[in-house]
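Each chain, written out:
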Amino acid sequence: MSDDILKVLLNEEQIEKRCIELAEQIESDYEKLHAVPIVVGLLKGSVPFMAELIKRFTFDCEIDFMSVSSYDGTESIGDVRIEKDMDISCRGRHILVVEDIVDTGRTLREVKQMFMNKGATDVKIVSLLDKPERRVVDIKADYVGYTVPNEFVVGYGLDYNQKYRNLPFIGILKPEIYE
Ligand code: 5GP
Ligand code: MG
Ligand code: MG
């Protein structure tokens, strides 16, 4: 599996170090708001990142997951469908969406709009990675782990056809794997 990786962009240590910083920043912001947020991981890519973050939170929060689909292979197709909804109601709640990567921004725009339509008080986004060169809609995560170049990356939750999510680092996939 590691043979399919062209280059490691971020190793486990770098990711963990950044997660500690992000968790501190997020914690301080929610303490100021006196809010008990629902931390909502977008399945499946956010799982390792979500685990790394929430174990550092020492404030009250609730955890939930949802699954939306907008992506097939390596090209984003735009409209977002809810495959699995949350268990907890988001009405009147502060929502912290946990995402693996913001690429075109379409998924997060739709997800944010959906939460507002359902009566959430506030929606913030934390994304492990940001690929700003690919953005087509005007959306910014409130918290970003690392900015990455315009390459297809896998590992630490991110997949190619459901593989590579279990790699403990973020790497660029060899183009011959998907070409
Ligand atoms: P967006 O709607 O922002 O275009 O895409 C969001 C989703 O596309 C991400 O949550 C992720 O699942 C997928 N995605 C975007 N870029 C990459 C990438 O470089 N690698 C992988 N594995 N998935 C990506
Ligand atoms: Mg995702
Ligand atoms: Mg994917």
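Coordinates for the structure precede this section.
Residues numbered from 1 in each chain as written. Chains lettered and ligands numbered in written order. Predicted model: local features only at pLDDT ≥ 70, side-chain atom pairs only at ≥ 80, totals over all residues.

Draft legend 1. Up close: the overall build of the chain. Along the chain, the regular secondary structure elements total 4 helices and 9 strands. Counted from the first residue to the last, the chain has its helices and strands arranged as β-α-β-α-β-β-β-α-β-β-β-β-α. By the compact-globule yardstick of 16 Å for 179 residues, the chain fits well, its C-alpha radius of gyration being 16 Å. Expressed as lengths along the three principal axes of its C-alpha atoms, the size of the chain is roughly 50 × 35 × 25 Å. (Helix = DSSP H or I, 4+ residues; strand = E, 2+ residues; numbered from the N terminus. Rg over C-alpha atoms; globule rule 2.2 N^0.38 Å.)

Draft legend 2. Representation of helix α3 (residues 106–117). Taking 1.5 Å of rise per residue, the 12 residues of α3 would be expected to cover 16 Å, and the 16 Å separating its terminal C-alpha atoms lies within 8% of that figure. The first or second residue beyond α3 is glycine 119, which carries a positive phi of 90°. (Expected span 1.5 Å × (residues − 1).)

Draft legend 3. Just the pairing of strand β5 (residues 94–102), in detail. The element β5 is extensively covered by neighbouring structure, given that 9 of its 9 residues are classed as buried. Relative to β5, strand β2 (residues 38–43) is paired through 4 bridges, and the arrangement is parallel. The residue of β5 that forms the bridge with isoleucine 38 is isoleucine 95. When β5 meets strand β6 (residues 122–130), the two strands line up parallel, connected through 8 bridges. When the bridges of β6 are listed, valine 102 appears paired with aspartate 130. At this point the chain moves from β5, through α3, to the parallel β6, and the crossover so formed is right-handed. (Buried ≥ 20, exposed ≤ 12 C-beta atoms within 10 Å, placed from the backbone. Pairing = 2+ DSSP bridges. Right-handed = clockwise from strand over helix to strand, strands pointing away.)

Draft legend 4. Structural view of the pairing of strand β9 (residues 170–173). Strand direction decides the pairing type here: strand β1 (residues 5–10) and β9, joined by 4 bridges, are antiparallel. Looking at β9, one finds that leucine 10 is bridged to isoleucine 170. Both strand β8 (residues 153–154) and β9 contribute to a ladder of 2 bridges, which runs antiparallel. The residue bridging valine 154 from the neighbouring strand is glycine 171, located in β9.

Draft legend 5. Looking closely at the nonpolar core. Membership of the largest hydrophobic core comes to 37 residues, with the highest contact counts inside it found for Val40, Leu53, Ile95, Leu96, Val97, Val98 and Tyr156. Elements that contribute at least two residues to this core include exactly α1 (12–33), β2, α2 (47–54), β5, α3, β6, β8 and β9. Those residues in contact with valine 97 that lie beyond four places of it in its chain are Val40, Leu42, Val111, Val123 and Ile125. (Core = buried A, V, L, I, M, F, W, Y, C linked by C-beta atoms within 7 Å. Contact = placed C-beta atoms within 7 Å.)

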